[in-house]
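Structural overview for review
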Amino acid sequence: MFNWLSLVTGFFYIVMGVVVITYKFFINRLETTTAYALGALLIAYGIFRILRAIYKIRKNKNEKNSSRF
């Protein structure tokens, strides 16, 4: 369950990063360079969370399949 929640959270971080870059707003108005930097950081973290969740899901599937034999 936690891994699937990580996938959803990663997706929302990516969306939030795109919104920050597009509207240049995150709690306060941001300057262009700050908005791009924060947006890129949020997108990178979202991708990291998604990749980590996929890795854990595959690892759990492989452990379940190997324990059957």
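Structural data are supplied above this passage.
The text that follows walks through the structure, step by step, so that each part is easy to find. Every value quoted in this text rests on a predicted model; they were computed, and no experiment measured them. (Residues numbered from 1 in each chain as written. Predicted model: local features only at pLDDT ≥ 70, side-chain atom pairs only at ≥ 80, totals over all residues. Heavy atoms only, no water.)

1. With respect to the overall build of the chain
Helices and strands together make up the secondary structure of the chain, namely two helices and two strands. The N-to-C order of helical and strand elements in the chain reads α-β-β-α. Taking 69 residues into account, the globule formula puts the C-alpha radius of gyration at 11 Å, and the chain, at 16 Å, lies well above it. Seen through its principal axes, the chain has C-alpha atoms that stretch 60 × 15 × 10 Å. Across the 69 residues that make up the chain, the buried fraction comes to 20%. Nonlocal contacts in the chain, meaning residues at least 24 apart in sequence, comprise 61% of its contacts between residues at least 6 apart. Split by element, the accessible area of the chain, about 5500 Å² in all, is 68% carbon and sulfur. (Helix = DSSP H or I, 4+ residues; strand = E, 2+ residues; numbered from the N terminus. Rg over C-alpha atoms; globule rule 2.2 N^0.38 Å. Buried < 20%, exposed > 50% of the residue type's maximum accessible area, 1.4 Å probe, protein only. Contact = heavy atoms within 4.5 Å. Areas by Shrake-Rupley, 256 points an atom, 1.4 Å probe, with all protein chains shown as cover.)

2. Section: the packing of aromatic side chains
Applying the stated criterion to the full structure yields three aromatic pairs. Geometrically, the ring pair formed by Tyr-13 and Tyr-45 is edge-to-face, given 4.9 Å between the ring centres and 90 degrees between the ring planes. Within this pair, whereas Tyr-13 is found in helix H1 (residues 2-23), its partner Tyr-45 is found in helix H2 (residues 32-67), the two being separated by 32 residues in sequence. Among the aromatic side chains, those forming a connected cluster through ring pairs are Tyr-13, Tyr-45 and Phe-48. (Phe/Tyr/Trp six-rings, centres within 6.5 Å; stacked < 30°, edge-to-face > 60°.)

3. Some details on a nonpolar patch on the surface
The grouping of Val-8, Phe-11, Phe-12, Val-15, Val-19, Tyr-23 and Phe-25 at the surface amounts to a nonpolar patch, some 680 Å² of accessible area in total. In terms of residues, the nonpolar patch owes the most to one element, H1, which gives six residues. Mapped onto the fold, Val-19 is located in helix H1. (Patch = residues over 30% accessible without salt bridge, like charges linked within 9 Å, V, L, I, M, F, W, Y side chains within 5 Å. Salt bridge = Lys/Arg side-chain N within 4 Å of Asp/Glu carboxyl O.)

4. As for unusual backbone geometry
A negative phi angle is the norm for most residues apart from glycine, just as the trans form is the norm for most peptide bonds. Residues other than glycine seldom take positive phi values, yet Lys-24 does so here, at roughly 50 degrees. Among the secondary structure elements, Lys-24 is positioned in the loop between H1 and strand S1 (25-26). Among the residues examined, Lys-24 registers a relative accessible area of 24% and is labelled partly exposed.

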